[in-house]
Amino acid sequence: MRVTERGEGVSQDHYEVLGVERGASADEVKKAYRKLALKYHPDRSQEPDAEARFKLINEAYAVLSDPEKRQRYDRYGHSEAVTNPFQGGVNAADLKDIFGQDLFNELFASLFGGAGRARGRVKRDIEASLSVPLSLVQTGGEATALVHRSASCERCHGHGTKSGRPPKACASCRGTGQARVQRGFIVMAQPCPACQGRGADLSQACLDCRGAGQSQREVEVKVEVPAGVESGQTLRLAGEGELARGQRGDLYLHVQVEPHERFEREGADLHLELTLDFHELALGASVDVSLLSGRSVKLKIPEGTQPGQVLRLRGKGLPSLEARGPGDLLVTVETRVPKALTAAERELIVALKSLSEERAADSAEDAPAPGPLERLRLWAIEALGGSP
């Protein structure tokens, strides 16, 4: 393999290291680098010189992937009379583009003390529960959710300083909140260690929030509840989540509809139990039924209605989120039995019992006489000592 001089030592030709021609395109250089980097990564390769080769591969790519550095290299080679072609190293964003986020984390995150997957992502979305009364499900409207999240520090008014005034810019990062760190051949921007990425001078930080400008506490969040919402559904409130890096995430509220003392819900339908007197079921009646809204409607009880029978009031249930129209109110009718009777009531019930017995007897007498075959069957059963 051809080598070129660099000072007192030697260095392999970058094109030969990557195995590409001098006229190779940027995509060809990138593909060759990816293949070799995966092959000789020290954590993956069993080759004894894998670490040295991996370093050469990355140095070669640091030059050939940058048009300006590549032009200088083609002209001057490794001459130290020109600007160091390796200054700045390989850009981390370029590595992520080549290997993808997951493979980048596996191959290069250790160079930055575990940076990569965890450091680049800040979870700002939060979840909470929202208890909703059944009456609000019918009408829809505003509800209040109690959410534990960060809020502006009351002592420093969100500035993070003892004085309660805006802080001075961090002298180390000049207010950017970032510091460029080089690990071998890779350069990456990291949160400034002096100000912890805030870009502000923390020497006079607020004692309550320690310079964060915010603290955790329970806050009330107003939410518009749609009519017809059901338990288990989730409402998303954009910008009501956790505050991180100057932006709030989203708040996800998991709805739980409270049970009602009178009504039971089944989708958009409501169920109600209604207890009536015997005479109302026997003779029929028109009774008032109180709805969930508090209004009353008339319910017709047909003559001879049986206990346990279900009567339907159409359109008197709950709205549907699927815009199919409101559900129905299903009324289950039960009989009210008095615990104590007056003399007059007892006399009337006894008379009713007598009338019922007489009617049953009349029904038996009016039954048709058995025919010849039926009489023969009854005779045979009696002769054998059996019973019909």
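Scroll up to find the structure this text is about.
In this text the structure is predicted, and so the values were computed from the model without any measurement.

Participant: Residue-level account of the packing of aromatic side chains, with values.
Facilitator: If you walk through the whole model with that rule in mind, you get two aromatic pairs. An angle of 45° between the planes, with centres 6.2 Å apart, marks the rings of tyrosine 15 and tyrosine 73 as tilted. With tyrosine 15 in helix α1 (residues 14–18) and tyrosine 73 in helix α4 (residues 67–76), this residue pair connects regions lying 58 residues apart in the sequence. The burial state of tyrosine 15 is the same as that of tyrosine 73; both residues are buried. Their ring planes at 10° and their centres at 4.2 Å tell us that tyrosine 33 and tyrosine 61 sit as a pair that is stacked.

Participant: Tell me what's going on with the pattern of salt bridges, and back it up with residues and numbers.
Facilitator: Within the structure shown, the criterion is met by ten salt bridges. Residue arginine 22 is joined to aspartate 74 by a salt bridge in which the shortest nitrogen-to-oxygen separation is 3.5 Å. Linking arginine 22 in the loop between α1 and α2 (26–40) with aspartate 74 in helix α4, this pair joins segments that are 52 residues apart in sequence. The class for aspartate 74 is partly exposed, based on a relative accessible area of 40%. Ionic pairing is found between arginine 53 and aspartate 49, a salt bridge with its closest N-O pair at 2.8 Å. What makes arginine 53 partly exposed here is its relative accessible area of 35%. Note on aspartate 49: relative accessible area 30%, which makes it partly exposed. Connected via shared salt-bridge partners are Asp13, Arg22 and Asp74.

Participant: Residue-level account of the pairing of strand β16 (residues 296–301), with values.
Facilitator: Burial of the side chains of β16 is restricted to one face: Val297, Leu299 and Ile301 are buried, whereas none of Ser296, Lys298 and Lys300 on the reverse face is. Examined bridge by bridge, strand β15 (residues 285–290) and β16 share six bridges and lie antiparallel to one another. Residue pairing across strands places valine 289 opposite valine 297, the latter belonging to β16. Adjacent in sequence and paired antiparallel, β15 and β16 are bridged by five residues, among which glycine 294 carries a positive phi angle near 100°.

Participant: I'd like a rundown of the state of the cysteines, residues and numbers included.
Facilitator: Under the defined criterion, the tally for this structure stands at zero disulfides. Cysteine 170 carries a free sulfur, and the closest cysteine sulfur to it, the one in cysteine 173, is 3.8 Å from it. Free cysteine cysteine 209: the closest other cysteine sulfur is in cysteine 156, separated by 3.7 Å.

Participant: So what's going on with the sheet that holds strand β14 (residues 269–277)? Residues and values would help.
Facilitator: Hydrogen bonds between backbone atoms are what pair the strands of a sheet, whose relative direction is either parallel or antiparallel. Sheet architecture is open: four strands sit in the order β13-β14-β18-β17, paired in mixed fashion. The sheet terminates laterally at β13 (264–266) and β17 (310–313), the two strands that pair on one side only. Within the sheet, the average angular offset between the axes of one strand and its neighbour, ignoring direction, is 35°. When β17 meets strand β18 (residues 329–336), the two strands line up antiparallel, connected through four bridges. The residue bridging valine 310 from the neighbouring strand is threonine 332, located in β18.

Participant: Would you mind going over the nonpolar core in detail, with residue names and values included?
Facilitator: With 41 residues, the main nonpolar core has Leu130, Leu253, Leu299 and Leu329 as its most contacted residues. Look past the residues within four positions of leucine 253 in its chain and what remains in contact with it is Ala128, Ser129, Leu130, Ala145, Val223, Gln233, Thr234, Leu235 and Leu237. Of all hydrophobic cores here, the second largest spans 18 residues; its members include Tyr15, Ala24, Ile57 and Tyr73.

Participant: Tell me about α2, residues and numbers included.
Facilitator: Across its 15 residues, α2 extends 21 Å between first and last C-alpha, which sits within 8% of the 21 Å expected from 1.5 Å per residue. If you check which residues of α2 are buried, you get Val29, Ala32, Tyr33, Leu36, Ala37 and Tyr40. End-on view of α2: buried residues confined to an arc of 130°, all on one side of the axis. Projecting away from the buried face of α2 at angles above 90 degrees are the exposed residues Asp27, Lys31 and Lys35.

Participant: Describe the environment of glycine 241, and please don't skip the residues or the numbers.
Facilitator: Position of glycine 241 among the secondary structure elements: in the loop between β9 (234–237) and β10 (243–244). Using a relative accessible area of 0% as the deciding quantity, one classes glycine 241 as buried. Residues glycine 241 and arginine 149, spaced 92 residues apart in sequence, show a C-alpha to C-alpha distance of 7.2 Å. Every residue in contact with glycine 241, bar those within four places of it in the chain, is listed here: Arg124, Ile126, Arg149, Arg248, Gly249, Asp250 and Leu251.

Rules used in this analysis
Residue numbers restart at each chain and count upward from 1, following the sequence in its written direction. Owing to the predicted nature of the model, reporting of local features is limited to residues with pLDDT of at least 70; listing and counting of side-chain atom pairs is limited to 80 or more, with chain, interface and lining totals taken over all residues. Processing note: side-chain calculations cover all non-hydrogen atoms of the structure and skip hydrogens and water entirely. Aromatic rings from Phe, Tyr and Trp, with only the six-membered ring used for Trp, were paired whenever their centres fell within 6.5 Å, and each pair was classed as stacked if the ring planes differed by under 30 degrees, edge-to-face if by over 60, and tilted otherwise. By the criteria applied, helices consist of DSSP H or I runs no shorter than four residues and strands consist of E runs no shorter than two, each listed in order from the N terminus. Buried residues are those whose accessible area, probed at 1.4 Å on protein chains only, stays under 20% of the maximum for their type, while exposed residues exceed 50% and partly exposed ones sit between those limits. Every case where a carboxyl oxygen of Asp or Glu lies within 4 Å of a side-chain nitrogen of Lys or Arg is listed as a salt bridge. Two strands qualify as a pair provided DSSP detects at least 2 bridges between them. Any pair of cysteine sulfurs within 2.5 Å is marked as a disulfide. For every element, the axis is a line fit to its C-alpha atoms; helices are fit only across the contacting stretch, and the angle between N-to-C directions ranges from 0 to 180 degrees. Throughout, nonpolar core names a set of buried Ala, Val, Leu, Ile, Met, Phe, Trp, Tyr and Cys residues whose side chains join them through atoms within 4.5 Å. Residue contacts follow a heavy-atom distance rule, with two residues in contact if any of their heavy atoms lie within 4.5 Å. Here the expected length of a helix is defined as 1.5 Å per residue gap, with one fewer gap than residues. Regarding the arc, it is the one traced by the directions from the helix axis to the C-beta atoms.

Treat this as a map of the structure, not an account of what it does.
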